[in-house]
Amino acid sequence: MGATVIVDAFWGDAGKGKFAAYLSRAYDADICVRAGVGPNAGHSVFVGDRLVKTKLVPLGLLNPRTRLRIGSGVAIDPSLILEESRRYRCRSRTAVDFRCPVIEPRHVVTERESAVLLEIDSTFSGSGAARAEYIMRSGLRAGEVDALRGMVTDVAKECNVAARNGRVIVEGSQATFLSVYLSDRYPYVTSDNCTTAALIDDVGLAWNAVDQVILLVKCIPTAVGAGPLPNEMSRDEIAARGLTEYGTNTGRERRRIRGIHFEMLRYSAMLNGPTEIALTYCEQFDRQMAGKKETRAITRRMRSLIARVERCVSVPVTYLETGKQYDSIIALK
Ligand code: IMP
Ligand code: MG
């Protein structure tokens, strides 16, 4: 009983959606709730050869018993929620908080006209502009949108109640070093914080409802968009090593650093307070890990990375993610 938070240690694209899908099934979660900024994130997972991909509806949708919710701190695009819940036939179990800021088409226009957002390579989802207006106390809220009638609720209340009697999975989005007030790369950040505390605030969960915080650490971290990155690989080097990746949401080519930056990992862990670590994209770190699901498949090279990460942050590595399938995961406990 309690809530599990899935949070990204670095710059994103580490597999939060996939873990939300996996854990919603593994824990038979009562609620999977989306936290984070808004539809500037794209979450995806493969089930066989079927790609399940959303920008707002949580990927806990893979468990038909799980209620799908969007926290009040997430900026929403109503038409996207309707479209995604129709596409994945989960409308009857999908709902948003009545207080969510609503993104209107003019917010996207405002963002596209911003020289700063152009410079930082924003996704132009309208999330930041909608959030800014909301903070100026003139924003539209989800409860006022006719098209969402029957799909609005008090998500904060539902989640706090569900965490008392069952399991709530908080599907974070964006990532620690994209946090507007906590990253050192401002203005190359998103429009809110994206740490554990920020994510539970997006939902309205009380801190003591949380009993598990899984920090996702991508073995060879990536980032999309402009901004400083330490120890960055060149495009050629990325291609030569077969590590080219494209963003789920915008299709932009991902930038990449040479490996886990341990000083930044320590800082990230300090901000997020993880109870455990999931190492993701292990197959990129060691090809022999590709698609593996059993502990006996863990290579020596992989074990030494696990040991190094555990020494760095003083919490156990409990999951290894080894491929794009929703169940290509090795549970270590
Ligand atoms: P915005 O939040 O769309 O304005 O984007 C600001 C910066 O954060 C850009 O560099 C984006 O690429 C990046 N960003 C925003 N959301 C995500 C995400 O979910 N994953 C990875 N990068 C993101
Ligand atoms: Mg927030």
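Relevant structure appears above.
Summarised in this report is the structure supplied together with it. These numbers come from a predicted model, not from an experiment.

### Brief notes about unusual backbone geometry
Logical step 1: Residue Pro187 is bonded to the preceding Tyr186 through a cis peptide linkage, with omega at 10°.
Logical step 2: Checked against the element boundaries, Pro187 lands in the loop between β8 (167-171) and α7 (196-203).
Logical step 3: One non-glycine residue with positive phi stands out, namely Asp28, at about 45°.
Logical step 4: Following the sequence through the fold, Asp28 ends up in the loop between α1 (16-26) and β2 (31-34).
Logical step 5: When its relative accessible area of 35% is taken as the criterion, Asp28 is described as partly exposed.
Logical step 6: Although it is not a glycine, Phe124 adopts a positive phi angle of roughly 50°.
Logical step 7: Assignment of secondary structure puts Phe124 in the loop between α4 (115-120) and α5 (127-135).
Logical step 8: Relative accessible area serves as the criterion here: at 11%, Phe124 is assigned to the buried category.

### Topic: the coordination of the magnesium ion (ligand 2)
Logical step 1: Of the protein atoms, only Asp192 (OD) and Asp202 (OD) coordinate the magnesium ion (ligand 2), at distances of 2.0 to 2.1 Å. Of this pair, Asp192 sits in the loop between β8 and α7 while Asp202 sits in helix α7, and the two are ten residues apart along the sequence.
Logical step 2: Using a relative accessible area of 17% as the deciding quantity, one classes Asp192 as buried.

### What about the packing of helix α3 (residues 105-112) against α5?
Logical step 1: Their axes nearest at 7 Å, the elements α3 and α5 cross at an angle of 110°. Taken as axis vectors, α3 and α5 run roughly perpendicular relative to one another. Residue-level contacts link Arg106, His107, Thr110 and Glu111 of α3 to Ser127, Gly128, Ala129, Ala130 and Glu133 of α5.

### Quick notes on the sheet that holds strand β1 (residues 2-8)
Logical step 1: Read across the open sheet, the ten strands follow the order β7-β6-β5-β2-β8-β1-β9-β12-β13-β14; overall the sheet is mixed. Each edge of the open sheet carries a strand with a single partner, namely β7 (152-153) and β14 (329-331).
Logical step 2: Bridging between strand β12 (residues 276-280) and strand β13 (residues 317-321) involves three bridges; their strand directions are parallel. Bridging from a neighbouring strand, Ala278 pairs with Tyr319 of β13.
Logical step 3: Packing of α1 onto the sheet brings it into contact with β1, β2, β8, β9 (210-218), β12, β13 and β14, and relative to β1 it is tilted by some 155°.

### Description of the packing of helix α9 (residues 262-272) against helix α11 (residues 300-313)
Logical step 1: α11 packs onto α9 with a crossing angle of 50° between their chain directions and a minimal axis gap of 9 Å. Considering their axes alone, α9 and α11 lie oblique with respect to each other. The way α9 lies across α11 gives a crossing that is right-handed. Where α9 abuts α11, its residues Phe262, Leu265, Arg266 and Ala269 lie against Leu305, Arg308, Val309, Cys312 and Val313.
Logical step 2: Of the residues assigned to the contact of α9 with α11, the class counts are seven nonpolar, no polar and two charged.

### Side note on the packing of aromatic side chains
Logical step 1: What the rule picks out here adds up to six aromatic pairs.
Logical step 2: For the pair Phe10 and Trp11, a centre-to-centre distance of 5.5 Å together with 20° between the ring planes defines the contact as stacked.
Logical step 3: Owing to a relative accessible area of 2%, Phe10 belongs among the buried residues under this scheme.
Logical step 4: Given a relative accessible area of 4%, Trp11 falls into the buried group.
Logical step 5: Pairing Tyr22 with Tyr319 gives two aromatic rings, centres 6.0 Å apart and planes at 80°, and the pair type is edge-to-face. With Tyr22 in helix α1 and Tyr319 in strand β13, the pair connects residues that are 297 residues apart, well separated along the chain.

### Quick look at the nonpolar core
Logical step 1: Formed by 54 residues in total, the largest nonpolar core has its most connected members in Leu265, Leu279, Met302, Val309 and Leu320.
Logical step 2: Broken down by element, this core gets its largest block of residues, six residues, from α11.
Logical step 3: Listed in part, the 25 residues of the second largest apolar core include Cys32, Val45, Leu68 and Tyr319.

Conventions and cut-offs
- In this convention, every chain numbers its residues from 1, walking through the sequence in written order.
- Going through the entries in the order they are written, you letter the chains from A and number the ligands from 1.
- Residues qualify for local features only when their pLDDT is at least 70, as the model is predicted, and side-chain atom pairs are given and counted only at 80 or more; totals for whole chains, interfaces and linings, by contrast, use all residues.
- Side-chain metrics in this entry use all non-hydrogen atoms of the structure; hydrogen atoms and water are not considered.
- Helix and strand assignments come from DSSP, with helices taken as H or I runs of at least 4 residues and strands as E runs of at least 2, each series counted from the N terminus.
- Summary of the burial criterion: residues with accessible area below 20% of their type's maximum are buried, those above 50% are exposed, and those between are partly exposed, where the area comes from a 1.4 Å probe applied to protein chains only.
- Note that water is not among the atoms used; donors are N, O and S atoms within 2.8 Å of the metal (3.2 Å for Na, K and Ca), so sites may look incomplete.
- Only C-alpha atoms enter the line fits that serve as axes; for helices the fit covers just the stretch in contact. Angles between N-to-C directions range over 0 to 180 degrees.
- Orientation labels follow simple angle bins: below 35 degrees gives roughly parallel, above 145 gives roughly antiparallel, 65 to 115 gives roughly perpendicular, and whatever is left gives oblique.
- Here, residues are in contact when the closest pair of their heavy atoms is within 4.5 Å.
- In this analysis, strands are considered paired if DSSP registers two or more bridges between them.
- Each helix crossing is assigned a hand: it is left-handed if the near helix lies turned anticlockwise from the far helix by less than a right angle, otherwise right-handed if that turn is clockwise.
- Three residue categories are used. Nonpolar comprises Ala, Val, Leu, Ile, Met, Phe, Trp, Tyr, Cys and Pro, charged comprises Asp, Glu, Lys and Arg, and polar comprises the others, including Gly.
- Only rings of Phe, Tyr and Trp enter the pairing, Trp through its six-membered ring, and a pair is recorded when the two centres are within 6.5 Å. The plane angle decides the type: under 30 degrees is stacked, over 60 is edge-to-face, the rest tilted.
- Among buried residues, the Ala, Val, Leu, Ile, Met, Phe, Trp, Tyr and Cys ones that are joined through side-chain atoms within 4.5 Å form a nonpolar core.

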